[in-house]
Structures are given as structure tokens and as C-alpha cells.
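# Examination of the molecular architecture
Here's the letter readout for the chains.
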Amino acid sequence: MGALVDFRLLGSVAVVTADGRELALGSPKRRSLLATLALNPGAPVGIDRLTEALWEEEPPRHARTVIHNHVSGLRAVLAEHRAPEAGVELATDGSGGSGGYLLRVPEAAVDARRFERLVQEADAAREPDRAVTALREALALWRGPALAGTEPSLPLQCAARALEELRLSAVEELARAHGRLGDHGAAVGVLAAEAALNPLRESLVAALVTALGRAGRRPEALEWFHRARRTLAEQLGIDPGAELAEAHELVLLGDVAPGPATASGPATASGPATTPAPAPAPVPAPAAVPAEPVPAPWPFPRRPRGFSGREDELAALDRAARAPGAITVVTGGAGVGKTALAVHWAHRRQADFPDGRLFVDLCGHSPLPERATGAVLRELLLALGLPAEQMPSSPEALAARYRELTAGRRMLIVLDNARRSEQVRPLLPDGDGCVTLVTSRDRLGGLVASDAARPVPLAELSAPQSVSLLATTLGPDLGPDLVGAEPEAAARLARLCDGLPLALRLAAARLATCPHQGLAALADELADEQGRLGLLEVEDTSVAAALALTVQHLSTPARRLFRRLGTHTGTTLDSRTAAALADVELPHVAGALGQLATAHLVVEIDRDAYTLHDLVRLYARSLRTPPEEDDSDTLPRLLDHLLNTLLAASAAAEPGSEPCCELPAGARRPVEVRPFPDRASALAWYAAERDTLRGAVEAAVGAGLHDRAWRLVLLQWPLIVWQVRDGWVPLLEHGLAAAEADLDPGAQSRARALLGWVLLEEGRPEQALVHLERAPGLAALAGDRSAQAVALVNLAAALARYGRPGSGNVPARVRDLLGSALALAEQAGRADLVALARQHLADTCLAGGDPEAAAHHAACGLAVAEPPFPAARRVVLQTLYGRALAASGRRAEATRHLDAALLAARAHQYDEGEAAARAALRALSGGAGAARGHHPGPDRRC
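Residues numbered from 1 in each chain as written. Predicted model: local features only at pLDDT ≥ 70, side-chain atom pairs only at ≥ 80, totals over all residues. Heavy atoms only, no water.

### Here we look at the overall build of the protein
Inclusion rule: Secondary structure elements follow DSSP: runs of H or I no shorter than four residues count as helices, runs of E no shorter than two count as strands, and numbering proceeds from the N terminus. Per-residue accessibility, obtained with a 1.4 Å probe over protein chains only, is compared with the maximum for each type, and a residue is labelled buried under 20%, exposed over 50%, and partly exposed between these values. In what follows, a contact means two residues having at least one pair of non-hydrogen atoms within 4.5 Å. The method behind every accessible area is Shrake-Rupley, applied with a 1.4 Å probe, and residues are considered shielded solely by the protein chains displayed. Only four residue types enter the tally: Lys and Arg on the positive side, Asp and Glu on the negative side; His and the chain ends are excluded. To locate a charge, take atom NZ for lysine, CZ for arginine, CG for aspartate or CD for glutamate.
For the protein, the helix and strand inventory stands at 42 helices and 14 strands. With the principal axes as the frame, the protein shows a C-alpha extent of 100 × 80 × 55 Å. Across the 942 residues in the protein, those meeting the buried criterion constitute 53%. Of the contacts made within the protein by residues no fewer than 6 positions apart, 69% connect residues no fewer than 24 positions apart. Summed over all atoms, the accessible surface of the protein reaches about 39,200 Å², with 52% contributed by carbon and sulfur. Here the protein holds 98 positive side-chain charges and 113 negative ones, and the gap between their average locations is 2 Å.

Set out below in C-alpha cells:
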């Protein structure tokens, strides 16, 4: 038999001899044991870590015996194939007394290590051809999904995912190396299959889009981008990130020429990323450990049951623990699972702390009083073996003795539920061998600044992690059946629990007591915001109680602001919105917002941007107003703040136009309104706040504030006309109903004009014309010439497109309607509406075979549509002018204007306008009638 040469982890776990024979390793558990040891060649792996790797659920009582039997079986197989001759030994670890094992094997004999080395060689290579050779050799080692054939345990799944991440990084780097060689076709070949299998990996798709663009395959590049955008929206509800968006923009602009070879290398595969539970580099302990006192056995919390997910945070703790005398602070909101993470990590890394682990609840956010420093130090000294009769008397002496006793030890100190940095500092051990793990609802920035503590923020669980925790908490007998039978309901339940582990466990407890209820029924109950917090309560545990312990420590201004956040109709806010809710000046709200962010009651997601989770908002809404305060005007203040912001946004989105409405009587003007430097920033704000604005409309209607409700709808018109087919009908119907309840015919006219146009774009002309026919008369009744002009333009455009049976000479009526609209716009002094009417008149004349008149109207429209009018309006008018000139036989002038329209559309990323200008140019160059060319959809307003 040949000597052993290859331990294979990059595919099905296997061991292959020099003559190509694969060893019979046996069951998945035995393969899992071997894989765990091979991932850490030469390093001891404790029984606890092996147990986690072999059992996905609760291990049996005799787990140690089972592991020993598997080790014996592996030793027999290895011995049969002359393992010592290949430098392979499966040994018992006698260093730490944990009863673990280690696999001594040449690193070159493990394919995962060879893969890492080749990737590192490619990263260090200066010549791209050498990088290509090394990366191709590295990727050729893969035979399928990493660690296949092992148990689906959390550590091995984490290790497999880490290896897969490295593989994909290597694929991306190989494509970059091909690109540096100018071989973009080869880069496409490397990336295409991987992008199809990993559609949510934006860096991969971005690299493919760029490679396709550089290979001259622009249509395919754009198709890949749009496919990725749809997938991200459907599966994650997000837009493409900056890298993918930039790749798309460069392809659109034709600017994908390869630059200098500056691509960064792939992430290396060395270190803990490839191990299921990486051990930190051992920190040398002092030569002499004090013989006295001897640490006493001290209770430590049991391993949390049903723990799942948190791979990134566990890896962050692993990295932080490598530093000498490491201090790590796990921060997060109430119920997010800080203690569970700390205790799980402590059990997982138990073997790394031979001198023991200590756990203290500091009661920083607890029904119990906060622990006194002296009492905690006495408890810790007792745990370290100091007799009670030798206990120092003063807090300073206690702290000094504690530091002395920890200086020579390798221990883990878990300080749970801290509230202040000064509460923690006296409890920090001395010496480089100790690791301190602190959990807190506050950020403890002082501890980070003064003691170099490493923060590990803990956010809510992702949707898949939430579903996994739900199933795990329900247990093996119930969880798989319930979640498997109703996967959509499980996902919905996870969303309603905001990914909060405490809420998910409470939901699981409710299901466990009534399994016949089913997930869908419980999700339906939780969907009712009025009763959600009440349902998430089991005996003495509830989400509301956990949040209350945080709120009670806030200052009075922060507590007042938090209570009023319950009125907010969205999940995001900025300091201006917070100031409006709290009815304070902008500088005075910063401190309160900072306290809420520090306590994780709001989450800071960007500069002056915060998010508020539903359960937190519902709790804020449930709080009673103290007798000395009055919250009755909080909603009107919020609505008026939004109206003022909408007016500023519409002015930036449609410069040169006038607002479609004024503020209602008695509206409050905020101290400061959010600035919008340009159209793009305004449209981005509209899109980001769409849910907030919809909630505000519903709240206004519910409170009988109809004069606010219809304005909140109509002032969204810039986004509505820009994304006209994006499901606006229900919102506009709310706005129309509010305008009717407010007995305002002008508002009714504008609502019907806008609603009619949206219905028209959705392909519902009969319903649209019902509203469009009524809108002009309502505007005339209100004496609103601007609204009447808009209504006439929209009606004319609808009739021109669809006509109406029995309505006589439709083209003549269209021209009459547009002529009336133009006259009204001129009387009202509305240059923006004059340009709009001229645009439609030019389009109508061109379609009716009168290019000279079309050119006249387009030229007049261009004359009044100078900046600051939106560039899109000028592109439409200039395209119409070019088409009219072409139809009049003035081809040279037509070409000049169409080229200008094309350049302007491209510069402003107006894809539809660019397509229309290109179509007109093609028709002109091909001799076809320009009047029959495609023209962009007209811009509609309320």
C-alpha cells in the first residue's frame, strides 16, 4: 500500500493514498471528527469543540465515549495504511488536561492548506500571469462544496462557509488577473457560472458586469446588472450597493477601459477563517503561577440551549481574544442576545482558559439594584481561592489583591450587564493571560477610550438566522415540522419579531404550549400592533419588561423623546424629525438622541440617520404620558414637519416649478428644514421615506386631519411621476378621499389629475378618464388656473393616446384642450406649465403631420425651460424639436439638436430620454420619417 499523501476537505471529506486509493473513513460523525482535526493541523482540539462539531443538536451523555471510539477507529484505518511513514499521527493532547486530540500531518498534505498557500502566492505575485497560474492551481483543488459528507453542525457549517468565501474571493482575483492581462473573455468565463450560482454576491456580479463591458459585450453586461437588481429587490428588499452600481454606470457611459493593475488581492485563508472554532495565539503566562490561593470551583452559566447563528460575532470575539490582556465589550439592545453570545463563546473556548472562568452579573439593567464594586470584588476573590479571613477591607485594597491574583493566570472573566465604564474598570484583571468579556446595553465608549476595549456590536438576527433560531428553540421534535410546514409564515413571524432573539424565543414558547395553533395563526395575531407586545410575554419574561429596564435609566429629556417616538410613522428618522417630535430646538435634541443610540433604543445607521425597530416603537407608544406633560400635539407637529420637508424636496426635485399646495392654516414651521442640494438627493429622500409618508397619511386620516393628509399625498408628485408604475393608486385614492372630506375642490382636481395619469400608465384608460374628465371642472370651481392647466394637459394626453368612442374629432379636441392649458399657464405666470403645454402641443402637431407647428412649439418650450428647470424636461423638448426639424427636411439642424439631447440625457442618466434621442437619430440616418420615431413619455404633475 502507498503512504498517505492527501487529506481532502475541499469537497467530500476523504483521505487518499499515493496510489490513488480512498480510505474507508466510515460514518459522517467520523468524517466530522477528522475534518475538525485536519482544519487545525498540529493544534490540539478539545472535547467540547469536537462535541459541537459532531452533534448539531444536544449531544448524548456518553458523547466523550463516542468520540473516543471514533478516534480509535480512525487510528486503526490510518495505521493500516502506514500513517507514520507519511508523517501522520492522531495523538491525544496531554497539555491542558481537557482530553482533546490533535492531528499531526504535513500541511502540504491537507488540500485546504495548499489552497491557502497558492492563494497567498498569487496575492504576492507582481506579474499577473504568475497570479493566474497559482489561482488556477488553487481552484483546481476544489471537488465540490467544502466539508461535504460531515454532520451539519454549526462549527463545520461556519468553516465550510469560510472556505467557500475564500474560494469565491479567489475566483474574483483570478478574473482581475485575467483583466490585467487584457484577457477579458477569460475573466467572463471565470465569473459567469459563479455569478449564476451566487446571484446575491454583489462583488462577483460587479466584476462580471465590468468584464463583459470591457469585452465589448455591453448588452449582456446590462442584462446581468438588471437581473441582479431584481434578485436583490425580491429576496432582500434592497438596491444594488455602490460597487455594483458603479460597474453599471461605467458600462452605461462606455467607460470600462481597464486601468492600471491596482486590484487588491483576495482575502487570505490563513488563520481562524478556515477553522470552525479558531484558537487564539497562546499568550505566554508568567513563569511562576502562585501556588496559593488556589481557585475554587465556581458556578458558571450553562451553555445556552438553542443558540444559532452569530458566526461573524463569534469570529470577532476570537480575533479580539488574541490580544494580550484582551478586553471585549459586546453591546446591543435589550433582548438581542448579548449574554447568550458571551456564555456560548465562553463554553466554546473553555479549553483556552486552564485557570478557569468567572461570571458576574453586574445588574446594570436589572430589576435588582446595581452591584456594588466592593461586593463584586469580594465575590471574585473568593472564586480565586482567597479565604474570607484574608479579605482586604477597603475597595482599593480589594482591587489591588484581585489584580495581584489574576496577574499570573490564564482566565476568562465575564462581566455581564454592565451600565457604566467606571463600574467595570476596578474589575479588570491584570496580566496578559486573562481575557475580559463585558456585555452592556450601552456602548461603554469610556472603556474603549481608556482601556483599549474592543467593541463587538450585536445587531438583530437576519431573516434566515431568525427562522433557524425559531426552529432550534422549538426543539427537534417540533421545530422542523412546524417551520418546514409553514416556511413563509416562519419568515413572517421572524420579521414581526424584528429579528430579536428574546422575542423569537417568546414566540417559540407560545407555539410550544399550543402547537396546534400553527405559525401562520400566531403571525396573524402578532401583525396586530395593538396586541403584539402582550403576545410576546411568557410568565415573568417579556420584551416590554426588558425594554423598561433600559428606559428607566434614561435622563428626562431622553425619556420624553423616546416616548414621543411612538408617534413616528416610520422606521427611520433624523435629528430634525426628532426635534419636531420633542418640540425642542435642534441643538437640544442631540444629547437625547445620543443617549437613545448609546442605549440601543435607536440604531445609528449613518450620519444623522437612525432606525427604530417596530417592537421598540410599539413599546414607546405604550408608555403613559406623565400628568405634568402634554403629548396631544405630537402628531400634528410631526405632520407639519413632514409637510415642510416635502415642500423643500419638491422644490429641489422640480426646480423652477411652484408648489402644488401651500401649508394648511395653523401649520407649525420647524426651526430647521432638511436641505436638498440637488434633484438626486430630493428623489433619494422621497424614495427612502415612502413608507414613513404613507404611515403619516394613514395617521392623519385616523386623526381627522384631512387638510394634512391630502397635502402629504400630493407633495410626493415628483417621485410619483418619476416612478409612475410603482403602485401609487391606493395612496392617491387616500389623498382624493381626504381632499373630498376637506371639501377642497382644488385639491380634488389635483388628486384626480394625478390619479388619472397613474391609472393611464397602468393600462386602465377607462378608469383614468373618469378622473381626468372631472379634474378641469373642479379646478375651475376652485379658481385655480395652474391646477386647471395641469388637468387639461393630462386629459389631452390621455385622449391623444387612447381616444374615447363617440367623442367626435379627438385630434381637434386634444389641440383645443392643450391650447386652453397653454393660455391658463401663461395667465398664471407658470413657466414650468407653459413648457409642459408646449411639449404636448409639439408632440400632437408632429403626430398630426404638421412639423412646422411642432418645431415652433418645441422651440418656444425650450426657450422657457432653461435652468433651473429639470434636465429631463429639456431633453424631451429638444428631442421633439430635432424630430420636428427632421420631418421639415432640416436634417443638419435636426442632427445637431438630437446629438445635444443624447449627450444631456447621458450626462443626467436619463435612460428613457437617451433611448428616444438614439431612436430619432437612427430614423434620421436611415431616412425613415422622424415623426414616426419613439418619443419619451411626457412628464406629469399634480
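### Description of the environment of Glu761
Its place among the elements puts Glu761 in helix H34 (residues 745–761). According to the relative accessible area criterion, Glu761 is buried, its value standing at 13%. As a C-alpha pair, Glu761 and Val724 span 37 residues in sequence and 7.0 Å in three-dimensional space.

### Focus: the sheet that holds strand E13 (residues 603–606)
Strand pairing within a sheet occurs via backbone hydrogen bonds; the two strands may be parallel or antiparallel. Condition: By definition, two strands form a pair when at least two bridges between them are found by DSSP.
Taken together, 3 strands build an open sheet; the order of strands is E12-E14-E13 and the sheet is antiparallel. Sheet topology places strand E12 (572–573) and E13 at the edges, where each strand pairs with a single neighbour. Alignment of E13 against strand E14 (residues 609–611), held across 3 bridges, turns out to be antiparallel. When the bridges of E14 are listed, Val603 appears paired with Thr611.

### Some details on the sheet that holds strand E6 (residues 357–361)
Here is the rule we go by: Interaxial angle, 0 to 180 degrees, is taken between N-to-C directions of lines fitted to C-alpha atoms, where a helix line uses only the stretch in contact.
Ordered in space as E6-E7-E8-E5-E9, the 5 strands form an open sheet in which the pairing is parallel. The open sheet has two free edges, formed respectively by E6 and strand E9 (454–457), since each of these has just one partner strand. Going from strand to strand, the sheet's axes swing by 15 degrees on average, the running direction of each strand aside. Where strand E5 (residues 327–331) and strand E8 (residues 435–440) come together, 5 bridges link them in parallel fashion. Pairing of Val330 across the sheet is with Thr439, part of E8.

### Observations concerning the environment of Gln878
Threshold: N or O atoms within 3.5 Å of each other form a polar contact, as long as, within protein, one can give a hydrogen and the other can take it, and as long as residues adjacent in sequence are counted only when both atoms are side-chain atoms.
Note that Gln878 resides in helix H40 (residues 871–887). Setting aside residues up to four positions removed in sequence, Gln878 forms contacts with Leu862, His897, Ala900 and Ala901. Within the structure, the side chain of Gln878 is placed 3.2 Å from the side chain of His897, a separation counted as a polar contact.

### Digging into the packing of helix H36 (residues 785–802) against helix H37 (residues 810–828)
Here is the rule: Each angle is binned into one of four classes, with values under 35 degrees roughly parallel, values over 145 roughly antiparallel, values of 65 to 115 roughly perpendicular, and all other values oblique. In a left-handed crossing the near helix is turned counterclockwise from the far helix by less than a right angle, and in a right-handed crossing that turn is clockwise. Only Asp, Glu, Lys and Arg are considered charged, only Ala, Val, Leu, Ile, Met, Phe, Trp, Tyr, Cys and Pro nonpolar, and every remaining residue, Gly among them, polar.
Running from N to C, H36 and H37 point in directions that differ by 160 degrees, and their axes come no closer than 8 Å. The orientation of H36 relative to H37 falls into the category roughly antiparallel. In the crossing of H36 with H37, the sense of the turn from one axis to the other is left-handed. Facing Arg785, Ser786, Gln788, Ala789, Leu792, Val793, Leu795, Ala796, Leu799 and Ala800 of H36, the residues of H37 in contact are Val810, Arg813, Val814, Leu817, Leu818, Ser820, Ala821, Leu824, Ala825, Gln827 and Ala828. Considering only residue class, the contact of H36 with H37 consists of 15 nonpolar, 4 polar and 2 charged.

### Description of the pattern of salt bridges
Note the threshold: We define a salt bridge as a contact between a side-chain nitrogen of Lys or Arg and a carboxyl oxygen of Asp or Glu at a distance within 4 Å.
For the structure shown, the criterion picks out 58 salt bridges. When the shortest N-O distance is used, the salt bridge between Arg349 and Asp318 registers 2.2 Å. Taken as a pair, Arg349 in the loop between helix H12 (338–348) and E6 and Asp318 in helix H11 (residues 311–320) lie far apart in primary sequence, 31 residues in all. Using a relative accessible area of 2% as the deciding quantity, one classes Asp318 as buried. Put simply, Arg560, Arg563, Arg564, Glu629 and Asp631 are held in one network by salt bridges that share partners.

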